[in-house]
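# Observations on the three-dimensional arrangement
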Amino acid sequence: MNLYVSVLVLIVLLVLQSACSTTTTTEQKQADMAGKTDPTQRAQIHTERAAEYYRLGLLSVALEAAKQSVAAQSSYAPAHNMLALIYMELREDGKAQASFEQAIRLAPNESDFLNNFGWFICQRQNAQRSLPYFERAIRNPLYTTPHRALYNAGVCARKAGDMKAAEINLRAALQRAPEFAAALYELADLSYAQGRTKEADLVFARYTKSVRDPDANALLLGVRIARATGDRNGEAGYLSQLRRRFPDSVQTRDAISGLTH
């Protein structure tokens, strides 16, 4: 397996681990590193450590590990991608952009890097300019999670004002991953915003089956769709959850205020 791909797979697996096991794994990686002399191996281990700390929200420690990875092997593209994600979280956008660009220079066809950079541009700069990066990511036939780039393209196309492209990309994401909750929510919200309440209701029903505990935004959307379709029981159920789980939220206030309009 390609070393870059190996690290990306490991990072995904790390996200699924508990905090306790992550700490143990990090200590083991530090112990293992003492015997590693190959720069690429050291860079890989440092990048894995950075990913673990990043997942835990320990950004200062994650940043140091990512810097150590770059110092060990400056041409190791996953290290620059990891460094960019940390800088993005820290809102050091200039450094984040430079790191993303370096990662892509080193691995121009790596879809995860293209997807991450596209999301960064969408969120921090210009949604329209982000779309080509998602398109490049999706074109890679070896990309194992194209539904994520398609979802991001849908969200960013909507942000750019292109509702048709937004819907096309969201539906394409769901063709590849039918139970992808984020895409189901976004498509339901888009359908509702466009006045297609019956379709919104059908998609939202799929969404509620794919998540255990909808957040406040999803519950508010549920209230609005149920209200628009005349589903009084559904409206009452979503509103009850909002009041119980998010009593002081803006979403709960908005849902309650809608009762008087």
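In short, a report on the structure. (Residues numbered from 1 in each chain as written. Predicted model: local features only at pLDDT ≥ 70, side-chain atom pairs only at ≥ 80, totals over all residues. Heavy atoms only, no water.)

A count of helical and extended segments in the chain gives 15 helices and 0 strands. Among the 261 residues that make up the chain, the fraction classed as buried is 46%. Counting only contacts in the chain whose residues sit at least 6 apart along the sequence, the fraction spanning at least 24 positions is 53%. Accessible surface computed for the chain: about 13,300 Å², of which carbon and sulfur atoms make up 51%. (Helix = DSSP H or I, 4+ residues; strand = E, 2+ residues; numbered from the N terminus. Buried < 20%, exposed > 50% of the residue type's maximum accessible area, 1.4 Å probe, protein only. Contact = heavy atoms within 4.5 Å. Areas by Shrake-Rupley, 256 points an atom, 1.4 Å probe, with all protein chains shown as cover.)

So, on to helix H6 (residues 93-106). Taking 1.5 Å per residue as the helical rise, H6 with its 14 residues ought to reach 20 Å, and the 20 Å between its terminal C-alpha atoms agrees with that figure. Every buried residue of H6 is accounted for by Ala96, Ser99, Phe100, Ala103 and Ile104. Each buried residue of H6 sits inside an arc of 135° when the element is viewed along its axis, so together they form one side. For H6, the exposed residues lying more than 90 degrees away from the buried face are Gly94 and Arg105. For H6, the secondary structure elements touched by its buried residues are helix H5 (77-89), helix H7 (111-124) and helix H8 (127-139). (Expected span 1.5 Å × (residues − 1). Arc of directions from axis to C-beta.)

In this structure the tally under the stated criterion is 8 aromatic pairs. Pairwise contacts between aromatic rings join Phe100, Phe117, Phe120 and Tyr133 into one cluster. (Phe/Tyr/Trp six-rings, centres within 6.5 Å; stacked < 30°, edge-to-face > 60°.)

Now for helix H11 (residues 181-193). Taking 1.5 Å of rise per residue, 13 residues should cover 18 Å, and H11 covers 18 Å from first to last C-alpha, within 8% of that figure. Among the 13 residues of H11, 10 are classified as buried, and the element is accordingly described as predominantly covered. Where H11 is concerned, the buried positions are Ala181, Ala183, Leu184, Tyr185, Glu186, Leu187, Ala188, Asp189, Leu190 and Ser191. On the buried face of H11, the contacting elements are helix H9 (146-159), helix H10 (163-176), helix H12 (197-210) and helix H13 (216-229). Of the residues flanking the end of H11, it is Gly195, one or two places downstream, whose phi is positive at about 85°.

Within the chain, Arg91 stands out as a residue other than glycine whose phi angle is a positive 60°. Tracing the backbone through its elements, the reader meets Arg91 in the loop between H5 and H6.

Applying the stated rule across the entire model yields 10 salt bridges. Asp93 is paired through a salt bridge with Arg124; the nearest N and O atoms lie 2.6 Å apart. Taken together, the residues span a long stretch of sequence, with Asp93 in helix H6 and Arg124 in helix H7 at a distance of 31 residues. By relative accessible area, Arg124 is classed as partly exposed at 23%. One salt bridge in this structure joins Glu199 and Arg171, with 2.1 Å as the shortest N-O distance. Residue Glu199 is found in helix H12, and its partner Arg171 is found in helix H10; the two are separated by 28 residues along the sequence. (Salt bridge = Lys/Arg side-chain N within 4 Å of Asp/Glu carboxyl O.)

Okay, a nonpolar patch on the surface next. Together, Leu56, Leu58 and Val61 line one region of the surface with nonpolar side chains, adding up to about 200 Å² of accessible area. As for its position among the elements, Leu58 is in the loop between helix H3 (39-56) and helix H4 (59-72). Judged by relative accessible area, Leu58 falls into the partly exposed class, the value being 40%. (Patch = residues over 30% accessible without salt bridge, like charges linked within 9 Å, V, L, I, M, F, W, Y side chains within 5 Å.)

On to the environment of Asp189. Its location among the elements puts Asp189 in helix H11. In sequence terms Asp189 and Ala200 are 11 residues apart; their C-alpha atoms lie 6.9 Å from each other. Non-local contacts of Asp189, meaning those with residues more than four positions away in its chain, are made with Arg158 and Leu221.

Examined against the element boundaries, Gln251 turns out to sit in helix H15 (residues 250-257). Exposure remark for Gln251: the relative accessible area of 18% places this residue in the buried category. The contact partners of Gln251, leaving out residues within four places of it in the chain, are Ala216, Asn217, Leu220 and Leu242.

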